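What the coordinates show
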Amino acid sequence: MTHVTLEVSGGVGTIRLDRPPMNALNASIQDRLRELAEEAGRRDDVRAVILYGGEKVFAAGADIKEMREMDHAAMVVRSRALQESFTAVARIPKPVVAAVTGYALGGGCELALCADFRIAAADARLGQPEILLGLIPGAGGTQRLARLIGPSRAKDLIFTGRQVRADEALSIGLVDRVVPAAEVYEQARAWAEKLAQGPALALRAAKESVDAGLETDLETGLTVERTWFAGLFATEDRERGMRSFVEDGPGKATFL
């Protein structure tokens, strides 16, 4: 049975987790996530992506029963594949929004961190509870979480393993919008559809410039930005955007 799918319509690709009851992220799901993230990145008919676990739960974490059977040697191999799967999601060169319902814990929270924007249900719970198993996050949680909400807040969540409610997650910047549970996917869809109508190359340039800049010093980041900025002057989208601005006013350009 396929527990992860990519459904495409209207320029939006939805990567859907479907492993009831809690969408536990076993090795098979991790590998499939990587495959579908790479596919979404390649496909011209996918211009924005939604990460979604269904109406009840985003993902409650890794498959602990599967992990318990692994020794050190096995996890040395698996941990690299795990990180590479999540990194593939983070590197999708298109806007990505996580539609978070129910629980996003452990690997589920780490998966949400790979998105550019996070919309959470009012009753959602997020956290990194690995410390309660005698572990630390292994799919990017110690790195992406600290970069997103700052080291002190990240250490609070990682050291204690506590879950945060949606309102606290919003206040610390872990999620970007909180909506009624029934509206999570609809709101994520609206966000994705709006950006799917934008200039694909410019959006890619913006995402890669921000992400690359966070990993380096300011001077290098400015070089990345300058290179992309100048390069976009060779695109049809730039011509369309500027022509529309001059002839029709701002915000009215239509991009292919």
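Look up: the structure comes first, before these words.
Residues numbered from 1 in each chain as written. Predicted model: local features only at pLDDT ≥ 70, side-chain atom pairs only at ≥ 80, totals over all residues. Heavy atoms only, no water.

**Some details on the environment of Glu-236**
Just so we agree on the cut-off: Each helix is a run of H or I in the DSSP string that is no shorter than four residues. Each strand is a run of E no shorter than two, and both are numbered from the N terminus.
You can see Glu-236 is positioned in helix 11 (residues 236-248). Here the alpha-carbon distance between Glu-236 and Leu-201, two residues 35 residues apart in the chain, equals 9.7 Å.

**A short note on the packing of helix 1 (residues 27-42) against helix 3 (residues 72-90)**
For the record, the criterion: Angles shown run from 0 to 180 degrees and are taken between the N-to-C directions of axes, each axis being a line fitted to C-alpha atoms and, for helices, limited to the stretch in contact. Less than a right angle of anticlockwise turn of the near helix away from the far helix marks a crossing as left-handed, whereas a clockwise turn marks it as right-handed. We call two residues in contact whenever any of their non-hydrogen atoms come within 4.5 Å of each other. Residues are grouped as follows: nonpolar covers Ala, Val, Leu, Ile, Met, Phe, Trp, Tyr, Cys and Pro; charged covers Asp, Glu, Lys and Arg; every other residue, Gly included, is treated as polar.
Orientation of helix 1 relative to helix 3, taken along the N-to-C sense of each, is 35°, at an axis distance of 8 Å. Between helix 1 and helix 3 lies a crossing of left-handed hand. Each of Ala-27, Gln-30, Asp-31, Leu-33, Arg-34, Ala-37 and Glu-38 in helix 1 lies in contact with helix 3, whose residues at this interface are Arg-78, Ala-81, Leu-82, Glu-84, Ser-85, Ala-88 and Val-89. Taken together, the residues of the contact of helix 1 with helix 3 sort by class into seven nonpolar, two polar and five charged.

**Observations concerning the packing of helix 5 (residues 141-149) against helix 6 (residues 151-160)**
Cut-off, in case you're wondering: Relative orientations are named as follows: roughly parallel for angles under 35 degrees, roughly antiparallel for angles over 145 degrees, roughly perpendicular for angles from 65 to 115 degrees, and oblique for any other angle.
Orientation of helix 5 relative to helix 6, taken along the N-to-C sense of each, is 135°, at an axis distance of 7 Å. Taken together, the axes of helix 5 and helix 6 are oblique relative to one another. The way helix 5 lies across helix 6 gives a crossing that is right-handed. Contacts from Gly-141, Thr-142, Leu-145, Ala-146 and Ile-149 of helix 5 reach helix 6 at Pro-151, Arg-153, Ala-154, Leu-157 and Ile-158. Counted by class, the contact of helix 5 with helix 6 contains seven nonpolar, two polar and one charged residues.

**Here's the deal with the nonpolar core**
The following threshold applies: As used in this record, nonpolar core signifies buried Ala, Val, Leu, Ile, Met, Phe, Trp, Tyr and Cys residues forming a set joined through side-chain atoms within 4.5 Å. Throughout, exposure labels follow a simple rule: accessible area from a 1.4 Å probe, protein chains only, divided by the maximum for the residue type, with under 20% read as buried, over 50% as exposed, and the rest as partly exposed.
Counting residues in each nonpolar core, the largest one holds 60 residues, and the members touching the most others are Leu-51, Phe-58, Val-100, Leu-126 and Leu-174. Residue contacts for Leu-126: discarding those within four places in its chain leaves Val-100, Ala-104, Leu-105, Cys-109, Arg-162, Gln-163, Val-164, Ala-169, Leu-174 and Val-175.

**Some words on unusual backbone geometry**
At the junction of Pro-20 and Pro-21, the peptide bond is cis and its omega measures out at 5° in the coordinates. Tracing the backbone through its elements, the reader meets Pro-21 in the loop between strand 2 (12-17) and helix 1. Positive phi outside glycine occurs at Asn-23, with the angle close to 55°. Relative to the helices and strands, Asn-23 is located in the loop between strand 2 and helix 1.

**With respect to the sheet that holds strand 6 (residues 117-121)**
What counts, and what does not: A pair of strands is labelled paired if DSSP reports no fewer than 2 bridges between them.
Judged by pairing direction, the sheet is mixed, and its six strands sit side by side in the order 1-2-3-4-6-9 without closing on themselves. Looking at strand neighbours, the two that pair on one side only are strand 1 (4-9) and strand 9 (177-179), the edges of this open sheet. The sheet shows a mean angle of 20° between the axes of neighbouring strands, taken without regard to direction. Taken together, the six bridges between strand 1 and strand 2 define a ladder with antiparallel strand orientation. Paired with Val-4 across the bridge in strand 2 is Leu-17. Sheet contacts for helix 1: strand 1, strand 2 and strand 3 (48-52); angle to strand 1, the most-contacted strand, approximately 20°.

**Observations regarding the pattern of salt bridges**
Stated formally: In the sections that follow, a salt bridge refers to a side-chain nitrogen of Lys or Arg positioned within 4 Å of a carboxyl oxygen of Asp or Glu.
This model, assessed by the stated rule, comprises 16 salt bridges. Linking Asp-45 and Arg-43 is a salt bridge whose minimum nitrogen-to-oxygen distance equals 2.8 Å. Take Asp-45: its relative accessible area is 39%, and that puts it in the partly exposed class. Each member of the salt-bridge network shares a partner with another, and the members are Arg-34, Glu-38 and Glu-84.

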